[in-house]
Amino acid sequence: MISSLEAVLSRHQANFHPVVRFNPASDRLTAINLTDQGKDLPPGIVDDFGEFLLHMEELRVSKGAAYLIGGYGELRSIYKRSDLFETAGEPRRLHLGTDLWAPAGTQVFAFAGGMVHSVGFNQQLGDYGATLILLHQLESISFYTLYGHISKKDIQQVSPGQYLSHGQEIAHFGTPEENGQWPPHLHFQVISDLGGHEGDFPGVCRYSERSSWLANCPDPDIILQLNKWL
């Protein structure tokens, strides 16, 4: 069933500004699969960060892609690399956003106007690192977008309550030193109910709780509109 938020976003899609620069006439977008069943990550590579970092960029270049994309609703064992996801009883493994993999410094833009809700520097291994959360309102429905693994300087240049305009450059893909020790990429997530969080929100949930989490965090492609170019 399509939620009221998804319905509103669908009605306004034509007016959204691209979150990242992408020209379908000249740029290539490649989907990747980071599950254990996928073939895009050699076994054990995430245990050696240097190799993981090198592999992701070599994979993008070998595909001739401006971006590697994927991850929404994906069950990933790569989170074993961090204690952050080892919650009692059942670890968190199901990804709730879309990842766009490209070089550090890649620009990020506001798809629509919004207010800075909060920022955070979540620096634990495997976390978001620098994080920006925006509050939006369309047709009286409020919702949030989260930008994780961005540059630390981006969150130092904004403050809660500040308004960011449609199409404004709001962030850049961060380096491993500021993005939670990941190869450079953007984690983009749409959130209906933030549940009191500030500067952070789970981007990975327990598989057994997937229904409620995915309902609260609809497919980001409804805003990104990139999957049609795969």
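Coordinates for the structure precede this section.
Residues numbered from 1 in each chain as written. Predicted model: local features only at pLDDT ≥ 70, side-chain atom pairs only at ≥ 80, totals over all residues. Heavy atoms only, no water.

A closer look at the packing of aromatic side chains
Tallying each qualifying case throughout the model produces eight aromatic pairs. Ring centres of Phe 52 and Trp 182 lie 6.2 Å apart, and the angle between their planes is 70°; on these two criteria the pair is classed as edge-to-face. Taken together, the positions of Phe 52 in helix 2 (residues 49-62) and Trp 182 in the loop between strand 10 (169-172) and strand 11 (185-191) put the pair 130 residues apart, joining distant regions of the chain. Trp 182 gets classed as buried once you look at its relative accessible area, which sits at 3%. Here Phe 111 and Phe 143 contribute two aromatic rings whose centre-to-centre distance is 6.4 Å and whose plane-to-plane angle is 40°, an arrangement assigned as tilted. With Phe 111 in the loop between strand 5 (107-109) and strand 6 (114-122) and Phe 143 in strand 8 (residues 141-150), the pair connects residues that are 32 residues apart, well separated along the chain. Of the two residues examined, Phe 111 and Phe 143, each falls in the buried class. Its end group placed over the ring of Trp 182, Arg 81 keeps NZ or CZ at 4.6 Å from the ring centre. The ring of Tyr 207 is capped by Arg 210, whose NZ or CZ atom sits 3.9 Å from the centre of that ring. (Phe/Tyr/Trp six-rings, centres within 6.5 Å; stacked < 30°, edge-to-face > 60°. Helix = DSSP H or I, 4+ residues; strand = E, 2+ residues; numbered from the N terminus. Buried < 20%, exposed > 50% of the residue type's maximum accessible area, 1.4 Å probe, protein only. Lys NZ or Arg CZ within 6 Å of the ring centre and 35° of its normal.)

Brief notes about the environment of Gly 105
With respect to the secondary-structure elements, Gly 105 resides in the loop between strand 4 (98-101) and strand 5. Accessibility expressed as a relative area gives 40% for Gly 105, which makes it partly exposed. With residues up to four places along the chain from it excluded, the contact list for Gly 105 reads His 172 and Phe 173. (Contact = heavy atoms within 4.5 Å.)

So, the side chain of Ser 118
Inspection of the secondary structure puts Ser 118 in strand 6. Looking at Ser 118, its side chain comes within polar contact range of the side chain of His 117, at 2.7 Å. Here Gly 199 takes part through its backbone nitrogen, which lies 2.7 Å from a polar atom of the side chain of Ser 118. Here Ser 118 is in contact with Thr 131, Leu 132, Ile 133, Pro 160, Glu 198 and Gly 199, once residues within four sequence places are set aside. (Polar contact = N/O pair within 3.5 Å; in protein donor to acceptor, adjacent residues only side chain to side chain.)

Topic: the sheet that holds strand 7 (residues 129-138)
The sheet built from eight strands is open, its strands ordered 1-2-4-11-8-7-6-9 with mixed pairing. What marks the edges here is a single partner per strand, and that holds for strand 1 (29-31) and strand 9 (163-164). Alignment of strand 6 against strand 7, held across seven bridges, turns out to be antiparallel. Paired with Ser 118 across the strands is Ile 133, a residue of strand 7. The sheet strands contacting helix 1 (residues 4-12) are strand 7, strand 8 and strand 11, and the helix crosses strand 8 at an angle near 80°. Of the strands in this sheet, strand 2 (67-70) and strand 4 touch helix 2, which is tilted by about 105° from strand 2. (Pairing = 2+ DSSP bridges. Axes fitted to C-alpha atoms, helices over the stretch in contact; angles between N-to-C directions.)

Things to note about helix 2
With 14 residues, helix 2 ought to run about 20 Å at 1.5 Å a step, and its terminal C-alpha atoms sit 20 Å apart, in line with that. Where helix 2 is concerned, the buried positions are Phe 52, His 55, Met 56, Leu 59 and Arg 60. All buried residues of helix 2 project into a common sector of 125° when viewed along the axis, lining one side. Facing away from the buried side of helix 2 by more than 90 degrees, the exposed set consists of Val 61 and Ser 62. Where helix 2 is buried, its residues meet strand 2 and strand 4. Between the side-chain oxygen of the N-cap and the backbone nitrogen of Gly 50 there are 3.2 Å, and the N-cap of helix 2 in question is Asp 48. Just downstream of helix 2 lies Gly 64, where phi reads positive at about 65°. (Expected span 1.5 Å × (residues − 1). Arc of directions from axis to C-beta.)

Thoughts on the nonpolar core
In terms of nonpolar packing, the biggest core is built from 38 residues, with Leu 9, Val 19, Leu 100, Tyr 147, Ile 170, Leu 186 and Ile 223 touching the most fellow members. Those residues in contact with Val 19, other than ones at most four positions away along the chain, are Gln 107, Val 108, Phe 109, Phe 111, Tyr 147, Leu 186, Phe 188, Ile 223 and Leu 224. Formed by 16 residues, the second largest nonpolar core is a distinct cluster that contains Leu 41, Leu 59, Ala 65 and Val 204. (Core = buried A, V, L, I, M, F, W, Y, C linked by side-chain atoms within 4.5 Å.)

A closer look at the pairing of strand 8
Across the ten residues of strand 8, nine count as buried, placing the element largely inside the fold. Looking at chain direction, strand 7 and strand 8 are connected through nine bridges and run antiparallel. The residue bridging Thr 131 from the neighbouring strand is Gly 148, located in strand 8. Hairpin remark: strand 7 followed by strand 8, antiparallel, with two residues in the connecting loop; positive phi at Glu 139, about 50°.

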